[in-house]
Amino acid sequence: VENDKHVDVADPQLDTNRRLENLCNRSQLDFEIEFFERILSRDPNYLEVLVILGELFSRKGCHRRALRVDLRLVRLKPGCASTRYNLACSYSLLDRKDEALNALQQAVDLGYSDLDFMLADPDLARLQALPGFQWLISRIAGRDGTQHVI
């Protein structure tokens, strides 16, 4: 179960002591999530904020929320390899391996080529033993522009 509940410390219904207590108990991550969610409430298609929120949700372990953000980003930037890569990571963290491999394939088709990062990315660890992942690695390993150390 994701830890995605938070108290709105700006709520006028909370007394001052309760608001102060809630502020003290919140992590920096919670503060950043709330901050960027407020920005997003004013501009729902603010791409940079969506990217940041996706990363924050993932770091907090709120993988379903990260997935929702990644799906929005893919709709807003359908030709972006890094948004497809991040979508693959979100699916993988939710153990949705087929969808993760599909999104990763799309990222590679759109030009994603950082092989070393892909192989070391803990978000994709659940995929690494799968034949589909191995096929993708072998497919891009020799491609011009692939980033890897020999």
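Fair warning: this is a prediction, and the values are worked out from it, not measured in the lab.

1. Things to note about the side chain of T83
Next up, step 1: Relative to the helices and strands, T83 resides in helix α5 (residues 81–93).
Next up, step 2: Setting aside residues up to four positions removed in sequence, T83 forms contacts with L73, V74 and K77.

2. Structural notes on the layout of surface pockets
Next up, step 1: By volume, the largest pocket amounts to about 210 Å³.
Next up, step 2: Around the largest pocket, the lining comprises 15 residues; the ones closest to its centre are E55, S58, N86, C89 and D123.
Next up, step 3: Mapped by element, the contributors of at least two residues to the lining of the largest pocket are α3 (47–60), α4 (63–76) and α5.
Next up, step 4: With five residues, the top contributor of residues to the lining of the largest pocket is α5.

3. Description of helix α6 (residues 97–109)
Next up, step 1: Helix length check: α6, at 13 residues, gives a terminal C-alpha distance of 18 Å against a target of 18 Å (1.5 Å per residue), a fit within 8%.
Next up, step 2: Buried within α6 are the following residues: A100, L101, A103, L104, A107 and V108. Looking straight down α6, one finds its buried side chains confined to an arc of 165 degrees; they lie on one side.
Next up, step 3: The inward-facing, buried residues of α6 abut α5, α7 (115–120) and α8 (131–141).
Next up, step 4: Just downstream of α6 lies G111, where phi reads positive at about 115 degrees.

4. Focus: the packing of helix α2 (residues 28–42) against α3
Next up, step 1: At a minimum axis distance of 10 Å, the contact between α2 and α3 shows a crossing angle of 150 degrees. Regarding the angle of α2 to α3, the classification is roughly antiparallel. In the crossing of α2 with α3, the sense of the turn from one axis to the other is left-handed. Listed contacts from α3 to L29, D30, E32, I33, F36, E37, I39 and L40 of α2 are V49, L50, I52, L53, L56, F57, R59 and K60.
Next up, step 2: When the residues that make up the contact of α2 with α3 are grouped by side-chain class, the tally is eleven nonpolar, no polar and five charged.

5. A closer look at the nonpolar core
Next up, step 1: Of all hydrophobic cores here, the largest spans 23 residues; its most connected members are Y85, L104, M118, L124 and F133.
Next up, step 2: Beyond its immediate sequence surroundings of up to four residues, L124 is in contact with Y85, A88, C89, S92, L104, M118 and F133.
Next up, step 3: The next biggest cluster of nonpolar side chains, apart from the first, holds 13 residues, and it includes L29, L40, L53 and F57.

6. Focus on unusual backbone geometry
Next up, step 1: Residues other than glycine seldom take positive phi values, yet D95 does so here, at roughly 60 degrees.
Next up, step 2: Residue placement: D95 occurs in the loop between α5 and α6.
Next up, step 3: Overall, the relative accessible area of 42% leaves D95 in the partly exposed class.

Reading the values: rules and limits
- Residues numbered from 1 in each chain as written.
- Predicted model: local features only at pLDDT ≥ 70, side-chain atom pairs only at ≥ 80, totals over all residues.
- Heavy atoms only, no water.
- Helix = DSSP H or I, 4+ residues; strand = E, 2+ residues; numbered from the N terminus.
- Contact = heavy atoms within 4.5 Å.
- 1 Å grid on protein atoms, 1.4 Å probe; cavity = no way out; pocket = protein on both sides within 12 Å on 5 of 7 lines; lining within 4 Å.
- Points joined across faces, edges and corners; volume = space filled by probe spheres on them.
- Expected span 1.5 Å × (residues − 1).
- Buried < 20%, exposed > 50% of the residue type's maximum accessible area, 1.4 Å probe, protein only.
- Arc of directions from axis to C-beta.
- Axes fitted to C-alpha atoms, helices over the stretch in contact; angles between N-to-C directions.
- Parallel < 35°, antiparallel > 145°, perpendicular 65-115°, else oblique.
- Left-handed = near helix turned anticlockwise from the far one by under 90°.
- Nonpolar A, V, L, I, M, F, W, Y, C, P; charged D, E, K, R; others polar.
- Core = buried A, V, L, I, M, F, W, Y, C linked by side-chain atoms within 4.5 Å.

Without other data, these values stay purely geometric and don't point to any function.
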